[in-house]
Amino acid sequence: MNADHVYAIAMKDMKEAFSSISIYGPMLGIPLFFAVVLPVFTVYISSYGGAAIAARLFGTAVAVPAGIGKNLLFIKFFAINILGPIFLTMPIITASVIAADSFSGEKERKTAESLFVTPATNIELLMGKILASLIPAFLLTVVVFVLYAGITNYFTIAKFGAALFPNTSWYMMLVNAPFLALTTIGTVVLVSARVRGVKESQQISALLVLPILIIPFVSVFTVTSLSFMFLLYMLIFLLATSALVLYLSIRFFDRERFI
Amino acid sequence: MTMLQIHLKYTYNVVQTFIKTYRAAGFATCAAFSAVFFISIPPNITCMYGDVVRALSVSKYFGSTKALSSISLRVKKGEFVLLLGPNGAGKSTLLKLVAGLYRPTSGRIFVLGSELHNNFGTKEAEIRKRISFAGENYALYDHITVMDNLLFFAKLYDIPDPSERINALLGDFGIEDLKHRRVEELSRGTKQKVAICRALLNDSDILLLDEPSAFLDPAASELLRAKLERLVREGKSIIYATQRIDELFNFKSNILLISRGRIKMKGSANSILSSIRNVDVEITTLNSVDAGAIKGNWTLKKSSGNSFVFQVKSVSTIPELISSIAASGGKILSVNYLKENIIEMMAD
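So, here is what we can say about the structure in this document. These numbers were taken from a predicted model, which means no experiment stands behind them.

Reading the values: rules and limits
Residues numbered from 1 in each chain as written. Chains lettered and ligands numbered in written order. Predicted model: local features only at pLDDT ≥ 70, side-chain atom pairs only at ≥ 80, totals over all residues. Heavy atoms only, no water. Pairing = 2+ DSSP bridges. Helix = DSSP H or I, 4+ residues; strand = E, 2+ residues; numbered from the N terminus. Axes fitted to C-alpha atoms, helices over the stretch in contact; angles between N-to-C directions. Phe/Tyr/Trp six-rings, centres within 6.5 Å; stacked < 30°, edge-to-face > 60°. Buried < 20%, exposed > 50% of the residue type's maximum accessible area, 1.4 Å probe, protein only. Contact = heavy atoms within 4.5 Å. Buried area = accessible area lost by both parts, 1.4 Å probe. Salt bridge = Lys/Arg side-chain N within 4 Å of Asp/Glu carboxyl O. Parallel < 35°, antiparallel > 145°, perpendicular 65-115°, else oblique. Left-handed = near helix turned anticlockwise from the far one by under 90°. Nonpolar A, V, L, I, M, F, W, Y, C, P; charged D, E, K, R; others polar. Patch = residues over 30% accessible without salt bridge, like charges linked within 9 Å, V, L, I, M, F, W, Y side chains within 5 Å. Areas by Shrake-Rupley, 256 points an atom, 1.4 Å probe, with all protein chains shown as cover. Lys, Arg positive; Asp, Glu negative; His and termini not counted. Charge placed at Lys NZ, Arg CZ, Asp CG, Glu CD.

As a further point, take the sheet that holds strand β10 (residues 277-285) of chain B. Residue and element names in this part refer to chain B. Within the open sheet, the four strands sit side by side as β11-β12-β10-β13. Their pairing is antiparallel. Pairing within the sheet leaves two strands with one partner each, and these edge strands are β11 (298-304) and β13 (332-337). In this sheet, adjacent strand axes meet at a mean angle of 25 degrees when their direction is disregarded. The pairing of β10 with strand β12 (residues 307-314) spans seven bridges and is antiparallel. When the bridges of β12 are listed, Thr284 appears paired with Ser307.

Below is the structure:
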């Protein structure tokens, strides 16, 4: 494998993606919402209604450790079990936007023929394009995680006397993020060859957020929570899934379907 | 005689008898194997005759739609092949098959002695470095600059220090000052020039060009023609697809007339044109001429002022017609054969 080819393809795709408002628009808008609007919302409801909601959620029987009010209990629950899964959709959404543009975009704009006639091998093409989607998706997720944690801590540290972030669950979510992105990218590669354009590819791959969005609901009903063990099982599952999806996407990659 | 010797002698006799009895069948079997061997034509044999491209009974279907039907093609080193045909004839499909972008539904294509595969290794990557392709869609990345586009492809072709070569090519086509402009900001003609520069970037042995002059201005078309002629003189092989009949005369080439996925005619421009029957020719003169009185292997179909439409029996008659008009005192301003009909006529 020629590393220069992989690097050239990845850089070209990233340069092209971030030169198009249809790509960088959602890439800036979604993080802005996740990193700024959500912490402010969290702080607001925890300050004004957190105790009441916590009482409803956990009932009066829940023992609140000394020194920690129900507001803090609520904000911890909200930040990890409700917002956590929402944050986990970040790598999926960003990866699907970039990967769909990278793969289906080549097909839609008919640029694939000039790329596929070059000496770049299938592995080089896929590696370059996967990196071009994975790197921005992961970096954006990290930036959003850090921003969210920083803003939430800033508003709550004086009130609760302790920093909420970082914590084990959030570290585990960060570890899960690249594998969520890889699974998404692999799905996009498989889907891109069979659809006509970028939008269809994005819509189909974005369906991957649905299983993630089930987590907040089951959390509310205390079926499960984003504990360390849950996230560890999730990581093992994602490792296997991303490996399988990437294997299939390489195995069944057919240039002719992109022409 | 030991038992072993008896057994060996017996076996020898059996084999001898078998050979004698089935000698004819043996020859037939050998002949069949040889035929299969030659039909399959391994890559080294395809190179023996200096063919850089060899297509053997290639057909291509898209679903149930037939795009190409049993096409065979040979292109030698330093040969210019012009694919001429109307829209949808299969010219682009044939070029994409040669470029390795499509797989044939049946038949085989050898390029520089190898078949191009979808999933290829190092050896084929080396062959692909020697092929250039400029499709009819420019296939440039719109959101990045001209320079970034060309640098990207230069990296994939492993061209060392490509900036100088890129600047020279852009300079040749008079677009060097546009190199930092995004492709989406360029006109169709300029995009086509950039696509041609990309195809010329890697100094390849085989150049596949699909309607490269479709949107070029006359000066750029002339420049392209001169460049391609020089490349052919240097030993490069070019397959050039066009639907413009006037391009027949632009290049000294072998012409393949393609229609409905089949090769209808092969030969030089003159041999192809002389086979056409009943062509309409529009002649305009500066002065008034009694066109009806000019007799020969043609008929006057229409006249309007100093403009006349003659139907000639064959294209080779046109010079005679022009001479006759001139001889009768007509000062000829322009001669146009009605090109749009010619390809359709040839394709029938």
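Still to come is the rest of the account.
All names here are of chain A. Taken as a whole and judged by the stated rule, the model has 17 aromatic pairs over all chains. With a centroid separation of 5.4 Å and an interplanar angle of 85 degrees, the aromatic rings of Phe87 and Phe145 are classed as edge-to-face. In this pair, Phe87 is assigned in helix α4 (residues 70-108) and Phe145 in helix α6 (residues 122-160), connecting sequence segments 58 residues apart. Per residue, the accessibility class of Phe87 equals that of Phe145, and both read buried.

Time to look at the sheet that holds strand β3 (residues 80-84) of chain B. Backbone hydrogen bonds are what pair the strands of a sheet, in a parallel or an antiparallel way. Residues and elements named next belong to chain B. The six strands are arranged β5-β6-β7-β3-β8-β9 in an open sheet whose pairing can be described as mixed. In this open sheet, the two strands that pair with only one neighbour each are β5 (131-134) and β9 (262-267). The mean inter-strand angle of the sheet, taken between neighbouring strand axes irrespective of direction, is 15 degrees. In terms of strand pairing, strand β8 (residues 254-259) meets β9 through five bridges, oriented antiparallel.

Between chain B and chain A, the residue contacts involve 31 residues of the former and 27 residues of the latter. Interface of chain B and chain A: buried area, both sides summed, is about 2900 Å²; carbon and sulfur atoms make up 60% of it. Per-residue buried area on chain B facing chain A is highest for Leu101, Tyr141 and Leu156 of chain B; these three make up 23% of the total on that side. The shortest N-O distance in the salt bridge between Asp148 of chain B and Lys15 of chain A comes to 3.4 Å. Every element with two or more residues in the side of chain B that touches chain A is listed here: α5 (122-128) and α6 (146-156) of chain B.

Residues and elements named next belong to chain B. The N-to-C vectors of α6 and helix α7 (residues 162-172) enclose an angle of 125 degrees; their axes lie 10 Å apart at closest approach. Between α6 and α7, the angle falls in the class oblique. Here α6 and α7 pass one another in a crossing that is right-handed. Judged by residue contacts, Val146, Met147, Leu150, Leu151 and Ala154 of α6 engage Pro162, Ser163, Ile166, Asn167 and Leu170 from α7. Split into classes, the residues belonging to the contact of α6 with α7 amount to eight nonpolar, two polar and no charged.

It is worth spelling out a positive patch on the surface at this point. Residue and element names in this part refer to chain B. Taken together, the side chains of Lys66, Arg260, Arg262 and Lys264 make up a positively charged region of the molecular surface. Relative to the assigned elements, Lys66 resides in strand β2 (residues 65-76). With relative accessibility at 39%, the residue Lys66 sits in the partly exposed group.

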